[in-house]
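Examination of the molecular architecture
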Amino acid sequence: MTATTTATGTPTAAPGRPRRSSATLAGTAALLRFDLRRDRVRIPAWVLGLGLLTLASANSVHAVYPTAADRASIAHASAGPAVLAMTGPGHYLADYTWGAMLGHRLLGLLAVLAGLMSVLIVSRHTRAEEESGRAELVRSAAVGRHAQLAAALATAAVADLALGLLLAAGLPGLGVPGLDTGGALLFGAATAAAGLLFAAVAAVAVQVTEHARTASGLALAVLGAAYALRAAGDAGANGLAWASPIGWLQRTYPFLDDRWWPLLPALALAAATGAAGFALSTRRDVGAGLRATRPGPPTARPFLGTPLGLALRLHRGLLGGFAVALLLLGAMYGSLLGNADSMLKDVDQLKEALARLGGRTLADSFAAMTLLVVAVVGAVYAVLAMLRPRAEETAGRAEPVLATGVSRSGWLGGHLVAALLGSTAVLLAAGVGFGLAGALSTGDGGAFPRLVGAALAFAPAQWVTVGFAAAVYGWLPRATPLAWLVPAYAFVIGYLGPLLKLPSGLERLSPFGQVPRLPAAAMDWTPLAALTLVAAALIALALAGFRRRDLDLR
Amino acid sequence: MTKAITLSGLRKTFGRTAALDGLDLTVETGEVHGFLGPNGAGKSTAIRVLLGLLRADGGSARLLGKDPWHDAVELHRRLAYVPGDVELWPNLTGGEAIDLLSRLRGRLDRRRRDELIERFDLDPTKKGRSYSKGNRQKVAIVAALASDAELLLLDEPTSGLDPLMEVVFQDVVRQARGQGRTVLLSSHLLDEVEKLGDRVSIIRHGRVVQTGSLGELRHLTRTTVEAETHRPVTGLETLEGVHGVRTEGARVRFAVDGAHLDAAVRRLGEAGLRSLVSHPPTLEELMLRHYGDELAANGHPVDGEAAR
Ligand SMILES: Nc1ncnc2c1ncn2[C@@H]1O[C@H](COP(=O)(O)OP(=O)(O)OP(=O)(O)O)[C@@H](O)[C@H]1O
Ligand SMILES: [Mg+2]
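I will try to describe carefully the structure that is included in this document. (Residues numbered from 1 in each chain as written. Chains lettered and ligands numbered in written order. Predicted model: local features only at pLDDT ≥ 70, side-chain atom pairs only at ≥ 80, totals over all residues. Heavy atoms only, no water.)

Residues and elements named next belong to chain B. Here strand S6 (residues 151-155) lies mainly inside the structure; five of its five residues are buried. Side chains of S6 alternate between two faces, with Leu151, Leu153 and Asp155 and Leu152 and Leu154 buried alike. In terms of strand pairing, strand S5 (residues 79-82) meets S6 through four bridges, oriented parallel. In the sheet register, Leu79 faces S6, and the bridge partner there is Leu151. The pairing of S6 with strand S7 (residues 182-187) spans five bridges and is classified as parallel. For Asp155, the partnering residue across the bridge sits in S7 and is Ser186. (Buried < 20%, exposed > 50% of the residue type's maximum accessible area, 1.4 Å probe, protein only. Helix = DSSP H or I, 4+ residues; strand = E, 2+ residues; numbered from the N terminus. Pairing = 2+ DSSP bridges.)

Printed below as a string of structure tokens:
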């Protein structure tokens, strides 16, 4: 597959060349082995998790929609902008076979998740290493300037290709009619291409900022933007989706048209982006970002000298970024609200379905569905915020603070308050964006408060996410990344639950599934109060654990 | 005198490593106590137990009369700490970090802070990442010494400081001692501790192997002597307490037990001294006295030569 060369984005695979020209890549192979060894649990877990999720979904669409009439009816119900915004281009609906369902419903999801996996892998093996100072040690050995980035990209490529191969080999093996080898190969290749592309995006992001978390955030913002663009394009049936590489990959139409050519621009973009990452990396020093740091104030303002002041200061960069991103994401979805009603107005069946949901209008149900997506993106912020104390601890920056008059609860409490406030603030930003754009596009001023309120209804779910992350951190600090399970589960279940007709209990397991689907459904305070209590209990648990354990010192 | 620190039979294990293996340590109020030991001896671990950052698995620890785990916050207001590895916040300036740590401890004495910044020649407007190792160390030292803490826990505070700054540091610690503060100073370097310390504890494999004033320890140890004489020196080997004599023409080098230094130098004088250099025992030499056998068994040179 051509993907191997693209993965590293540089003239890696040039076996015939003299050694000298690859001096900047010296040591790549050794580093790759090392990176793979460090990820020997993570990568198989990701690949198997995503692979099995897909195979299980393919099996269940076969079981849930056995007849052509079943498939026609789900195709019919999926034609609304709300579902198209969540899934993919409407062309799949033309002949909604099991394979088409897979392409329509899962390719976008897999592109996002493979992208997430690749971003995390690349930033972990590049910027996180630099941030910890370990990179300096590695670079001082006989290791070329580009070797670390090349090895990180190759590690991501191994994971992406493994996932692609698992899909290509596994799907035809299920015995579901229509899931042929050619389509499966394309399906796997498109998934792998998405992973490679976002690995390359991460390769650029890690050059720009000094912090691994910020770099991941930056790359994930690009991923989110690509997803949002294709959503806007597919829901509005305009050309916008062509501005998003995820849109391109979804237009390969595996099992339907089996178009290979959209992979080309995606891989070319990956190669170009990866090359840009390598080029940028030579313009900066090890450990530094692209911009030189400027001098700052010689003294601290009084508020900084409190645990909360310190935490807010440490959180504010990422928070600002997320607030802006969610404002834009909300505005993007909100601007589609006006169309939602006019599109497909005469599809009676769809209206009936919505009526059963309790939605007054198409616009309301569209808003409810997209707000869930926005809220889950907000949960990504909640998790990132609660990874902060862990980073402070392992970097050795918690130690001097905890040796002052700040108690353990005070220190973690500062981060908790910052995360609780921040995760609420990002929802508010999303709600304001959604509400403003929604009010403008529908010409209904009353939509603004309703939509802001609907977004804020997810706040207790955000707090549970914060509480869960904190509880893991308090008791099992090394397992803190498990906090990613909350948004990942909410995303997957929100995406697949309706399609696979999964029991509603599975959806309720996620805090986001508990929140009433405003504005389509009626407000219900009970689950919100319950979530708040759960969050409070988790936070109490977190503090109890953190007070009890050793600090993880270096 | 009351005790500032009392550790007895302190134990701390990480998995299968016993970092502290029955550590006993007493630090009197108002003294500068040197805490010496090789890498991995358990110095940082002991200090972190004293700070309540780690929980001991056994034994007892008292700090200023209180329990370091349960009364951590109350104790932290009365002490200041310089970690061995100073990590600063990349997006905060050194000045902000100093103020932050001082305020979190309690009160910020701005006059004293500015004076220390001046003396240590520190630029407080730089951001964390742009400081060199020594300058990061200075940030932590200034933050600790600008406080009015009655106890200073300093974990290898001078690692990374240049010789001029080491002098400033020693001066500041002496000043602190003059004000009646207690200092626990961990180090690899005997001469640093020697310049400041009243008493020394040597720790190895998580246990204190020697405690006492430097005079007492020195007496127990060997001084290395290098001399050049007019005539060849004879009969040095036969003197009591002299070890490892090596002669190269007019130069001679040997180690001598503290108690027998006088006799050995007399013998050199008889041969007409041209130059004389004597090294006080280094930490290695102090250690070698206790562990020479073990090192020799591992194939390391053990003689006085091993030092320096
Ligand atoms: N968090 C930890 N996990 C596992 N082992 C640890 C941990 N911290 C310390 N150790 C081990 O405990 C022992 C004592 O370490 P410690 O850091 O206290 O030594 P030290 O005397 O401060 O050494 P140095 O002079 O190198 O700073 C070492 O063997 C070390 O490997
Ligand atoms: Mg140490």
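There is more to say, and it comes next.
This brings us to the nonpolar core. For soluble globular proteins, the rule of thumb is that nonpolar side chains tend to be buried together. Grouped together as the largest cluster of nonpolar side chains are 224 residues, with contacts concentrated most on Tyr333 and Phe512 of chain A together with Ile5 and Leu153 of chain B. In terms of residue count, helix H17 (residues 362-394) of chain A provides more of this core than any other element does, 18 residues in total. Excluding residues within four positions of it along the chain, Ile5 of chain B makes contact with Leu25, Thr26, Val27, Leu50, Arg62, Leu63, Leu151, Leu153 and Leu184 of chain B. In this structure, Val233, Val242, Phe254 and Leu268 of chain B belong to the second largest nonpolar core, which totals twelve residues. (Core = buried A, V, L, I, M, F, W, Y, C linked by side-chain atoms within 4.5 Å. Contact = heavy atoms within 4.5 Å.)

Another point: the interface of chain B and chain A. Of the residues lining the interface, 36 residues belong to chain B; the matching set on chain A comes to 42 residues. Of the roughly 3,500 Å² buried at the junction of chain B and chain A (both faces included), carbon and sulfur atoms supply 56%. Applying the counting rule to chain B against chain A returns three salt bridges. We note a salt bridge from Glu399 of chain A to Arg48 of chain B, for which the minimum N-O separation is 2.9 Å. Summed over the shared surface of chain B and chain A, the number is 21 residue pairs in polar contact (both at pLDDT 80 or more). Sorting the residues of the side of chain B that touches chain A by element identifies helix H2 (72-76), S5, helix H3 (94-105) and helix H4 (110-119) of chain B as the ones contributing at least two each. Here the element with the most residues in the side of chain B that touches chain A is H3 of chain B; it accounts for eight residues. Per-class residue counts for the side of chain B that touches chain A are 16 nonpolar, seven polar and 13 charged. (Buried area = accessible area lost by both parts, 1.4 Å probe. Salt bridge = Lys/Arg side-chain N within 4 Å of Asp/Glu carboxyl O. Polar contact = N/O pair within 3.5 Å; in protein donor to acceptor, adjacent residues only side chain to side chain. Nonpolar A, V, L, I, M, F, W, Y, C, P; charged D, E, K, R; others polar.)

The subject of this paragraph is the site of ligand 1. Surveying the vicinity of ligand 1 reveals 14 residues, the closest of which are Gly40, Lys43, Ser44, Thr45 and His188 of chain B. Residues close to ligand 1 are split across chains A and B. The separation between an oxygen atom of ligand 1 and a polar side-chain atom of Asn39 of chain B is 2.9 Å. At 3.2 Å from an oxygen atom of ligand 1 is found a main-chain nitrogen or oxygen belonging to Ala41 of chain B. Relative to its unbound accessible surface of 630 Å², ligand 1 loses 66% to contact with the protein. With three residues, helix H1 (residues 43-50) of chain B is the largest single contributor of residues to the shell around ligand 1. The class makeup of the residues in the shell around ligand 1 is five nonpolar, seven polar and two charged. (Near = heavy atom within 4 Å. Areas by Shrake-Rupley, 256 points an atom, 1.4 Å probe, with all protein chains shown as cover.)

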